[in-house]
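# Architecture at a glance
As a plain string of letters, each chain reads:
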Amino acid sequence: MRVTSRHGSLVIKVLVTGRVFGKEVYLPLFSREGPVNILTGSHADRDTNTPAFEETAVRIKLLPEKGTNPLKPLNFRFSGKPTPQMGVEVERKWRRKDYHMPGTEKLVQIQSQKGASSNGGSC
């Protein structure tokens, strides 16, 4: 697919899914085919003074199919299965035998070196 904006053009492999709706396009920030920043300009949101990357209008042209599926076979979306885990399962992490809740470990007293001043001199 060729994605073109008024700032530049990029040819990339795509995967069409139901995760993006309407007339929206999602492109990862980093791509093997080239930096997505060539499609964006230097304009900023007036209210927040932050880059307005999400407001970049693009034109899409489908090119003849060439190459392999951009998703790696181990990616969970490759098989059409949903996300394997919903959110962060902290309770499962807390139950692990090797996990220690922050602040519950024994505190370590830092020993000062000989000759250092009592006000925290250099080491």
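Below or above, wherever it landed, is the structure these notes cover. The structure displayed is predicted, hence computed values, not measured ones.

Cut-offs used in this document
Residues numbered from 1 in each chain as written. Predicted model: local features only at pLDDT ≥ 70, side-chain atom pairs only at ≥ 80, totals over all residues. Heavy atoms only, no water. Helix = DSSP H or I, 4+ residues; strand = E, 2+ residues; numbered from the N terminus. Buried < 20%, exposed > 50% of the residue type's maximum accessible area, 1.4 Å probe, protein only. Contact = heavy atoms within 4.5 Å. Areas by Shrake-Rupley, 256 points an atom, 1.4 Å probe, with all protein chains shown as cover. Polar contact = N/O pair within 3.5 Å; in protein donor to acceptor, adjacent residues only side chain to side chain. Pairing = 2+ DSSP bridges. Axes fitted to C-alpha atoms, helices over the stretch in contact; angles between N-to-C directions. Core = buried A, V, L, I, M, F, W, Y, C linked by side-chain atoms within 4.5 Å.

Check the secondary structure of the protein chain and you find 1 helix and 3 strands. Mapped in sequence order, the helices and strands of the protein chain form the string β-β-β-α. Out of the 123 residues in the protein chain, the part that is buried amounts to 11%. In the protein chain, the proportion of contacts linking residues at least 24 apart, taken out of those at least 6 apart, comes to 49%. Summed over its atoms, the accessible surface of the protein chain is roughly 11,600 Å², and 55% of this surface lies on carbon and sulfur atoms.

In this section: the side chain of Thr4. If you trace the backbone, Thr4 turns up in strand β1 (residues 2-4). Reaching out from Thr4, the side chain makes a polar contact with the side chain of Ser9 at a distance of 3.1 Å. If sequence neighbours within four positions are ignored, Thr4 has contacts with Ser9, Leu39, Ala57, Val58 and Arg59.

The next subject is the side chain of Ser5. Turning to its location among the elements, Ser5 is positioned in the loop between β1 and β2 (9-11). Contacts of Ser5, omitting those with residues within four sequence positions, involve Ile38, Leu39, Thr56, Ala57 and Val58.

What follows covers the sheet that holds β2. Pairing within the open sheet is antiparallel, and its 3 strands lie in the order β2-β1-β3. Strand pairing shows two members of the sheet lacking a second neighbour, β2 and β3 (59-61), which therefore form its edges. Taking the axes of each pair of neighbouring strands and ignoring which way they run, one obtains an average angle of 15° across the sheet.

Okay, the environment of Val11 next. Its location among the elements puts Val11 in strand β2. Along the sequence, Val11 and Ile60 sit 49 residues apart, while their C-alpha atoms lie 9.8 Å from each other.

Moving on to the nonpolar core. Judged by nonpolar contacts, Met1, Val3, Leu10, Ile12, Val36 and Leu39 together constitute the single largest core of 6 residues. Residues within four places of Leu39 in sequence aside, it is in contact with Val3, Thr4, Ser5, His7, Gly8, Ser9, Leu10, Leu27 and Thr56.

With respect to the element layout, Ala52 can be found in the loop between β2 and β3. By relative accessible area, which is 6% here, Ala52 ends up buried. Along the sequence, Ala52 and Thr40 sit 12 residues apart, while their C-alpha atoms lie 8.4 Å from each other. In this view, Ala52 contacts His43, Ala44 and Asp45; residues no more than four positions away in its chain are not counted.

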